[in-house]
Amino acid sequence: MQETLDKLQEKYTSIDEPMEAYLKGLLHQKPITYWDYIDTEALLSLQKPRTDFPDEMVFIMYHQVNEILFKMMLHEIVQLQEAEELTPELFSSKLSRVSRYFDMLTSSFTIMRDGMEPEQYLLFRDTLTPASGFQSAQYRMIEFSCTNALNLVDPRFRKEVSEDSENTEIFERLYWQAAGKNFKTGEKKQLLFNFEKKYKKYFLNFIEENKDNNLYSLYLSLPKEAREDQKLVDAMRHLDYTINITWVMAHYNTAKKYLNYGQKDKPKAATGGSDWTKYMHPKYQRRVFFPTLWSDDELNNWGEDLEQ
């Protein structure tokens, strides 16, 4: 006990605070409970369906779980960005955590794919227009935290921008603009207009802040020996493939099941109105976070061998 008290005294002395005041506070502090710590009641009050279809609750909770996992991923990435010493061991460890979170998301798509009745989904989804999972700000933050914004540019427009381009020029050519923008006229659909109205300024600042501090930039800043660490290279490649191929295809195949349901000619449009069959497929996105870690052949065939 005395050893513990001495350590507490040392702790509070270091921050110029009186230990006695904190110890007295413990006399009046209530015991912690699971439901208070997790804030269970608040968490379970966040589901607000817009219809009476039971499966809408599944849809809402599933996406809320996604957002919690996205927050966990950003939490791991920030620890790498703020590390005093960035070693291959620390780098690969944190990347593996992020990959495991995305592995969980990928496998959890069976909840969406096999856990909702198509008839219910196709009815309650109409009440969600023009909202879309596309509008997850945290997911965009993960992308900007992983790689340079130039690597997220739509393949059709990559020759139009360079490292010298303004962030606004790059932003207007990001791959996900295709979900709601007519590139010939510049006209944007409501889902993209609403998304940018709320987040564009924040995203532009976030891109600038992460320009030299995203995972790819941090990797390239490592000494040659560290960059060639096989465990780190494998972890980066796994993360890249998991996010940009495996998870994307799980999402794509889930959308395919529901939006093709009962359709004879062409699938239904996404709630935001995008041509999701092309917008979502890795073959068209060709989104690669860490391009120098892949061979030319791998890059040229990115997503080509997957089902369309």
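Residues numbered from 1 in each chain as written. Predicted model: local features only at pLDDT ≥ 70, side-chain atom pairs only at ≥ 80, totals over all residues. Heavy atoms only, no water.

What about the overall build of the protein chain?
- On a plain count of helices and strands, the protein chain comes out with 16 helices and zero strands.
- Counting only C-alpha atoms, the protein chain reaches 75 × 55 × 35 Å along its principal axes.
- A separation threshold of at least 6 residues defines the contact pool for the protein chain, and within that pool the share at least 24 residues apart is 70%.
- Accessible surface computed for the protein chain: about 18100 Å², of which carbon and sulfur atoms make up 53%.
- Taking the 39 positively charged and 49 negatively charged side chains of the protein chain as two groups, their mean positions are separated by 7 Å. (Helix = DSSP H or I, 4+ residues; strand = E, 2+ residues; numbered from the N terminus. Contact = heavy atoms within 4.5 Å. Areas by Shrake-Rupley, 256 points an atom, 1.4 Å probe, with all protein chains shown as cover. Lys, Arg positive; Asp, Glu negative; His and termini not counted. Charge placed at Lys NZ, Arg CZ, Asp CG, Glu CD.)

Quick word on helix α10 (residues 190–209)
- Across its 20 residues, α10 extends 28 Å between first and last C-alpha, which sits within 8% of the 28 Å expected from 1.5 Å per residue.
- By the largest-angle criterion, Tyr199 marks the main kink of α10, which is about 60 degrees.
- All of the buried residues along α10 are Leu191, Leu192, Phe195, Glu196, Phe203, Leu204, Phe206 and Ile207.
- Where α10 is buried, its residues touch α8 (137–146) and α9 (167–171). (Expected span 1.5 Å × (residues − 1). Bend = angle between axes of the 7 residues up to and from the residue. Buried < 20%, exposed > 50% of the residue type's maximum accessible area, 1.4 Å probe, protein only.)

Let's talk about a negative patch on the surface
- There is a patch of like negative charges on the surface, built from Glu166, Glu169, Glu208, Glu209 and Asp212.
- With respect to the helices, strands and loops of the structure, Glu209 is situated in helix α10.
- Glu209 gets classed as exposed once you look at its relative accessible area, which sits at 59%. (Patch = residues over 30% accessible without salt bridge, like charges linked within 9 Å, V, L, I, M, F, W, Y side chains within 5 Å. Salt bridge = Lys/Arg side-chain N within 4 Å of Asp/Glu carboxyl O.)

Focus on the confidence of the model for the protein chain
- Mean pLDDT over the protein chain: 90, with 93% of residues reaching 70 or higher.
- The secondary-structure element of the protein chain with the lowest mean pLDDT is helix α14 (residues 276–279), recorded at 66, while helix α11 (residues 215–220) shows the highest, at 98. (pLDDT = per-residue confidence, 0-100.)

Notes on the pattern of salt bridges
- On inspection of all chains with the given rule, the structure shows 16 salt bridges.
- Its salt-bridge partner being Lys7, residue Glu3 comes within 3.5 Å of it at the nearest N-O pair. You can see Glu3 and its partner Lys7 sitting in helix α1 (residues 2–14), four residues apart, about one turn around the helix. Lys7 shares its class with Glu3; the two are exposed.
- When the shortest N-O distance is used, the salt bridge between Glu304 and Arg286 registers 2.4 Å. Remark: Arg286 occurs in the loop between α15 (282–285) and α16 (296–300) and Glu304 occurs in the segment after α16; sequence separation between them is 18 residues.

Description of the nonpolar core
- Met73, Phe91, Leu95, Phe102, Trp176 and Leu215 are the most contacted members of the largest nonpolar core, which has 69 residues in total.
- Take this core: its biggest share by element is eleven residues, from helix α13 (residues 230–259). (Core = buried A, V, L, I, M, F, W, Y, C linked by side-chain atoms within 4.5 Å.)

Here's the deal with the side chain of Ser165
- Position of Ser165 relative to the elements: it lies in the loop between α8 and α9.
- A polar contact of 2.8 Å, which involves the side chain of Ser165, links it to the backbone nitrogen of Ser162. (Polar contact = N/O pair within 3.5 Å; in protein donor to acceptor, adjacent residues only side chain to side chain.)

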